[in-house]
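Read off the chains here:
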Amino acid sequence: MSTLFAADEAKRLLDAAIRGEMPDERGRFGPFGGRYVPETLVPAFDRLEAGVKEHLHASDFQAEFQKELREWVGLPTALTFAPQLSKAWGAEVWIKREDLAHTGAHKINNAIGQALLAKRLGVKRVIAETGAGQHGVAAAAACARVGLSCSVYMGAVDMERQAPNVDRIRRLGAEVIAVESGDKTLRAAIDEAMREWVTDPDGIYYLLGSAVGAHPYPYLVRELQSVIGREARQQMLDQAGGLPDVAFACVGGGSNAIGLFYPLLADDIELIGVEAGGIGDGLGENAATLATGTPGVLQGSYTIILQDDDGQVQETQSISAGLDYSGVGPEHALLQAIGRVKYISARDNEALEALEELCATEGILTALETAHAYAAAREYAKQNPGKRILIGNSGRGDKDMPTLSQLPARTRRYEGA
Ligand SMILES: *Cc1c(COP(=O)(O)O)cnc(C)c1O
């Protein structure tokens, strides 16, 4: 595995991560992360950082957060053994069911955690960005739950493509603000949200949706999502009688993957993140950031990004809207650089095939994002027979039915499997 560091330095950085010393005081994961933001945003980030320090690990905050996870989100989510898939793959396959969390994906863990934090910070309103609309839905639901007003910035192009989610967000009581600037999609939505945040950092909380951006977001989101890996680890011990040999998760910004991987870093478990391979290997044809990108700064964080030789950030392509992002969380950049996690990609057609197989064999309609993890795990099982495999099932696929229905009827290859 290629790493950026000599073996002893890589080991020192991994040990620090396991001891909970990543990020450091400056928000750094080794060389990655940090806070590269315009001067106007510094006070807002300073306030947020102070709020996180004061509340996140305070026992009363944690008690409230855990209670909401149990009683409203529905945690712990199940760990499901997959007998048919195991037989078909020649492996022992276990699935961590984040699709069973309220609103249908892991995103709600982060949204409710940050909404509770916003309330403690005494803000008047919450703002959020959304691309495909999944984080917008989670943020709107969480704000309704804690009684905060919520505005969701969404690119005009995305609003058209994801009309049902726009409707869902509004029904959950949030306002959707159409973004007509820039590319009119996710990146422009984040820029506009930041612009509003600057105007009133005391009165507004910015609820970011993945483990990306400037410090402290990658840290905050990891802490809120790590419940996935903590639960999965204990459930593997209880139900499978031992830890997995290998764990897979799909990677967009990287929040469900870091949530699953972080509590497993110290264990003897191979960890594999799966990015969107899109339609090909060329720049612009995929969203395989870690697998093919280079270091640079995107949205306040030094990480791996997809850019051309002049440093211009590239458009991405993927059948799954949730993986369609040209950056990735800085902690993943570190975990790749020290060789602890391997990042590979699966193409659109491979993800679709894996989605069909899972659906027909186990009765689980998974999200298109998640299907990438299954495609990679299936390939791995072929090369490494007899392994115990854990897959992070980040979300359910009901939201993808319009996309799936548009595709030509596929061969019913798995019928009767
Ligand atoms: C948003 C989303 C993702 C990608 O986001 P990460 O931050 O990389 O986890 C993956 N799966 C589902 C179901 C999603 O909704």
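Residues numbered from 1 in each chain as written. Predicted model: local features only at pLDDT ≥ 70, side-chain atom pairs only at ≥ 80, totals over all residues. Heavy atoms only, no water.

Draft legend 1. Up close: the sheet that holds strand β3 (residues 79-81). Taken together, the 6 strands give an open sheet; going across it, the order is β3-β4-β14-β9-β10-β13, and neighbouring strands pair in mixed fashion. Bordering the open sheet on either side are β3 and β13 (341-347), each of which pairs with just one other strand. Between one strand and the next, the sheet's axes are offset by a mean angle of 25 degrees, whatever the strand orientation. Inspection of the sheet shows strand β9 (residues 246-250) paired to strand β14 (residues 388-393) by 3 bridges, in the parallel sense. Following the sheet pairing, A247 is matched in β14 by L390. Strands β3, β4 (92-97), β10 (270-278), β13 and β14 of the sheet are contacted by helix α15 (residues 348-362), whose axis makes an angle of about 90 degrees with β13. (Pairing = 2+ DSSP bridges. Helix = DSSP H or I, 4+ residues; strand = E, 2+ residues; numbered from the N terminus. Axes fitted to C-alpha atoms, helices over the stretch in contact; angles between N-to-C directions. Contact = heavy atoms within 4.5 Å.)

Draft legend 2. The arrangement of the packing of aromatic side chains in detail. Applying the stated criterion across every chain yields a total of 9 aromatic pairs. Consider the rings of F61 and F65, whose centres lie 6.2 Å apart with planes at 20 degrees: the pair is stacked. Here the residue F61 and the residue F65 both occupy positions in helix α3 (residues 59-73), the gap between them amounting to 4 residues, near one helical turn. Every member of this aromatic cluster is reached through a ring pair, and the members are F45, W197, Y206 and Y217. (Phe/Tyr/Trp six-rings, centres within 6.5 Å; stacked < 30°, edge-to-face > 60°.)

Draft legend 3. Up close: the site of the ligand. Residues in contact with the ligand amount to 15 residues; listed here are only the nearest, K107, S210, G252, S255 and S394. Taking G253, its main chain carries an N or O atom lying 3.2 Å from an oxygen atom of the ligand. Between the ligand and S255, the relevant distance is 2.7 Å, taken from an oxygen atom to a side-chain nitrogen or oxygen of the residue. Look at the ligand: alone it shows 380 Å² of surface, and the protein chains cover 97% of it. (Near = heavy atom within 4 Å. Polar contact = N/O pair within 3.5 Å; in protein donor to acceptor, adjacent residues only side chain to side chain. Areas by Shrake-Rupley, 256 points an atom, 1.4 Å probe, with all protein chains shown as cover.)

Draft legend 4. Quick look at the environment of V93. Within the secondary structure, V93 sits in strand β4. Take V93: its relative accessible area is 0%, and that puts it in the buried class. Put simply, V93 and S405 are 312 residues apart on the chain and 28 Å apart in space, counted from C-alpha to C-alpha. Not counting chain neighbours up to four residues away, the residues in contact with V93 comprise T80, F81, A82, L85, S86, I389 and I391. (Buried < 20%, exposed > 50% of the residue type's maximum accessible area, 1.4 Å probe, protein only.)

Draft legend 5. The arrangement of the sheet that holds strand β6 (residues 149-155) in detail. Taken in spatial order, the 4 strands of this open sheet run β7-β6-β5-β8, and their pairing is parallel. The sheet terminates laterally at β7 (175-179) and β8 (204-207), the two strands that pair on one side only. Neighbour to neighbour, the strand axes of the sheet diverge by 25 degrees on average, direction disregarded. Relative to β7, β6 runs parallel, the two being bridged by 5 bridges. Each bridged residue has a counterpart across the sheet, and for G155 the counterpart in β7 is V179.

Draft legend 6. Spotlight on the pairing of β14. Most of β14 sits inside the fold, with 6 of its 6 residues counted as buried. A two-sided burial pattern is seen for β14, the buried positions comprising R388, L390 and G392 on one face and I389, I391 and N393 on the other.

Draft legend 7. Molecular detail of the packing of helix α5 (residues 107-120) against helix α10 (residues 217-225). In the contact formed by α5 and α10, the axes pass within 8 Å of each other and the chain directions differ by 115 degrees. Between α5 and α10, the interaxial angle falls into the category roughly perpendicular. The crossing of α5 and α10 is right-handed. When α5 is examined against α10, the residues K107, N109, N110, G113, Q114 and L117 are found in contact with a partner set consisting of Y217, L220, V221, L224 and Q225. Considered class by class, the residues forming the contact of α5 with α10 number 5 nonpolar, 5 polar and 1 charged. (Parallel < 35°, antiparallel > 145°, perpendicular 65-115°, else oblique. Left-handed = near helix turned anticlockwise from the far one by under 90°. Nonpolar A, V, L, I, M, F, W, Y, C, P; charged D, E, K, R; others polar.)

Draft legend 8. Summary view of the nonpolar core. Ranked by size, the top nonpolar core spans 65 residues in total, and within it I112, W197, Y205 and Y206 carry the most contacts. Residue contributions to this core peak at 8 residues, all from helix α6 (residues 134-146). Each of domain 1 (36-70 + 107-222) and domain 2 (74-105 + 225-404) contributes no fewer than three residues to this core. If we skip the residues at most four places from it in the chain, Y205 touches L48, Q114, L117, A118, L121, V123, R125, V126, I127 and L220. L13, F32, Y262 and Y343 belong to the second largest nonpolar core, which has 40 residues in total. (Core = buried A, V, L, I, M, F, W, Y, C linked by side-chain atoms within 4.5 Å. Domains from an automatic or database assignment.)

Remember that the coordinates give geometry; whether it matters functionally is a separate question.
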